[in-house]
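Residue-level structure breakdown
These are the residues of each chain, in order.
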Amino acid sequence: MRTSQRIAAVTAACALAGGALYGAGAATAGQSTANSTHEPYNIGLLVKDIDTYYGTTADSDGVYQASPDSPYAKDLARIDADARNWIDKAARKAHQHGEKPAVVFDIDDTLLLSLDYEKRYNYTYNSATWNDYVNRADRPAVFGSPELVRYANSKGVEVFYNSGLSEAQRAGAVENLKKIGADVNLDAGHMFLKDKAAPPAYLSDCATPGTWNCTTVQYKAGTREHIEDDLGYDIIANFGDQYSDLDGGHADRTYKLPNPTYFVS
């Protein structure tokens, strides 16, 4: 389940602002929940830190956008440069050994930026408003993401998507990815979304028709295992904005994209 937890983003935001935490209770990279008995970081200051990090501004239509000159954009550029070097090297090695290299991308805040939703709804999550937002299919790209998708494809690397979006949101996701220029392998065989009504057999340990008990890690790692073991690919890189997008193995290298606005365990 996607859950907005503003305090869970404290560590990243404070580091960017150069400040120290006032308490010891923020969730960190290796800790999925907050458990403070001390006064947490002030939430008003945290929101300012997040805006500074993104360089948040409202455009002429009142839509909140990140700045291409922001610390956020610079962090993404560094990740992108490293990922390109790795994809090029790993793809050449895989092809030389007769293997089928693949990359896996999360979608929300890995390819499509949800900053406007977070600002508009004060960093809280509601399934109805989120569904409407996704199906409007007008989210901007995470800086550099469409280019990275196309770059991997140009190197003969199979592109897959592994998202917590639901089957009911597939059309909106596909339309939005096409709009930003990530129009690569957007068919059902490459874009894996949650289907709680009819989950795939490879998730049978945690999901059966009408009963979904998979954690995010079980769902995403199970899907990557399917891509490797059943479809025969070697996942050379896995991209996500949450640690739960990346945990569980079945990827040669993982790339954590910055996201201080919510936390998904």
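Before going into details, it helps to say that this report is about the structure given with it.

Quick notes on the rules
- Residues numbered from 1 in each chain as written.
- Predicted model: local features only at pLDDT ≥ 70, side-chain atom pairs only at ≥ 80, totals over all residues.
- Heavy atoms only, no water.
- Helix = DSSP H or I, 4+ residues; strand = E, 2+ residues; numbered from the N terminus.
- Buried < 20%, exposed > 50% of the residue type's maximum accessible area, 1.4 Å probe, protein only.
- Axes fitted to C-alpha atoms, helices over the stretch in contact; angles between N-to-C directions.
- Parallel < 35°, antiparallel > 145°, perpendicular 65-115°, else oblique.
- Contact = heavy atoms within 4.5 Å.
- Nonpolar A, V, L, I, M, F, W, Y, C, P; charged D, E, K, R; others polar.
- Disulfide = S-S within 2.5 Å.
- Patch = residues over 30% accessible without salt bridge, like charges linked within 9 Å, V, L, I, M, F, W, Y side chains within 5 Å.
- Areas by Shrake-Rupley, 256 points an atom, 1.4 Å probe, with all protein chains shown as cover.
- Salt bridge = Lys/Arg side-chain N within 4 Å of Asp/Glu carboxyl O.
- Lys, Arg positive; Asp, Glu negative; His and termini not counted.
- Charge placed at Lys NZ, Arg CZ, Asp CG, Glu CD.
- Pairing = 2+ DSSP bridges.
- Phe/Tyr/Trp six-rings, centres within 6.5 Å; stacked < 30°, edge-to-face > 60°.
- Lys NZ or Arg CZ within 6 Å of the ring centre and 35° of its normal.

Backbone geometry at asparagine 122 places phi at a positive 55 degrees, although glycine is not the residue there. Summarising the element assignment, asparagine 122 is placed in the loop between α4 (115–120) and α5 (127–136). Here the phi dihedral of alanine 137 falls at roughly 60 degrees; this positive angle occurs in a residue that is not glycine. In this structure alanine 137 comes out as buried when scored by relative accessible area, which is 0%.

Close contact between helix α2 (residues 43–54) and helix α3 (residues 71–96) brings their axes to 5 Å; oriented N to C, the two are set at 55 degrees. Judged on the interaxial angle alone, α3 and α2 are oblique. The segment α2 lies against α3, with Thr52, Tyr53 and Tyr54 engaging Pro71, Tyr72 and Asp75.

All right, on to the packing of α3 against helix α6 (residues 145–154) then. Put simply, α3 and α6 touch, their axes get as near as 10 Å, and they point 10 degrees apart. In terms of orientation, α3 lies roughly parallel with respect to α6. Residues Asp80, Ala83, Arg84, Ile87 and Asp88 of α3 lie in contact with α6, whose contacting residues are Glu147, Leu148, Tyr151 and Ala152. For the contact of α3 with α6, a count of residues per class yields five nonpolar, no polar and four charged.

Let's shift gears to the state of the cysteines. For the structure on display, the rule yields one disulfide. Two residues share a disulfide in this structure: cysteine 206 and cysteine 214, whose sulfurs sit 1.9 Å from each other. Handedness here is read from the sign of the S-S torsion; for cysteine 206 and cysteine 214, about 80 degrees, the answer is right-handed. The same class applies to cysteine 206 as to cysteine 214, namely buried.

On to a negative patch on the surface, then. There is a patch of like negative charges on the surface, built from Asp205, Glu225, Asp229 and Asp230. Considering the arrangement of structural elements, one finds aspartate 229 in helix α8 (residues 216–230).

Another aspect to go through is the pairing of strand β3 (residues 101–105). With respect to burial, β3 is a largely interior element, five of its five residues being buried. Residues Pro101, Val103 and Phe105 line one face of β3 and the alternating positions Ala102 and Val104 line the opposite face, and both faces are buried. Note: β3 against strand β8 (residues 234–240), five bridges, orientation parallel. Note on β8: the bridge partner recorded for alanine 102 is isoleucine 235. Two strands pair when backbone bridges link them, and β3 and strand β4 (residues 158–166) are joined in this way by four bridges, in the parallel orientation. Across the sheet, alanine 102 pairs through a bridge with glutamate 158, a residue of β4.

Next up on the list: the packing of aromatic side chains. In the structure shown here, the tally under the stated rule is 13 aromatic pairs. Ring geometry for tyrosine 117 against tryptophan 130: centres 5.2 Å apart, planes inclined by 75 degrees, an arrangement best described as edge-to-face. With tyrosine 117 in helix α4 and tryptophan 130 in helix α5, this pair connects stretches of sequence that are 13 residues apart. Within the aromatic cluster, the residues linked to one another by ring pairs are Tyr53, Tyr54, Tyr72 and Phe143. Across from the ring centre of tyrosine 64, 5.4 Å away, lies the NZ or CZ of lysine 119, which sits over that ring. Cation over ring: lysine 256 sits above tyrosine 243, and NZ or CZ is 5.2 Å from the ring centre.

These results come straight from atomic positions and should not be treated as a statement about function.
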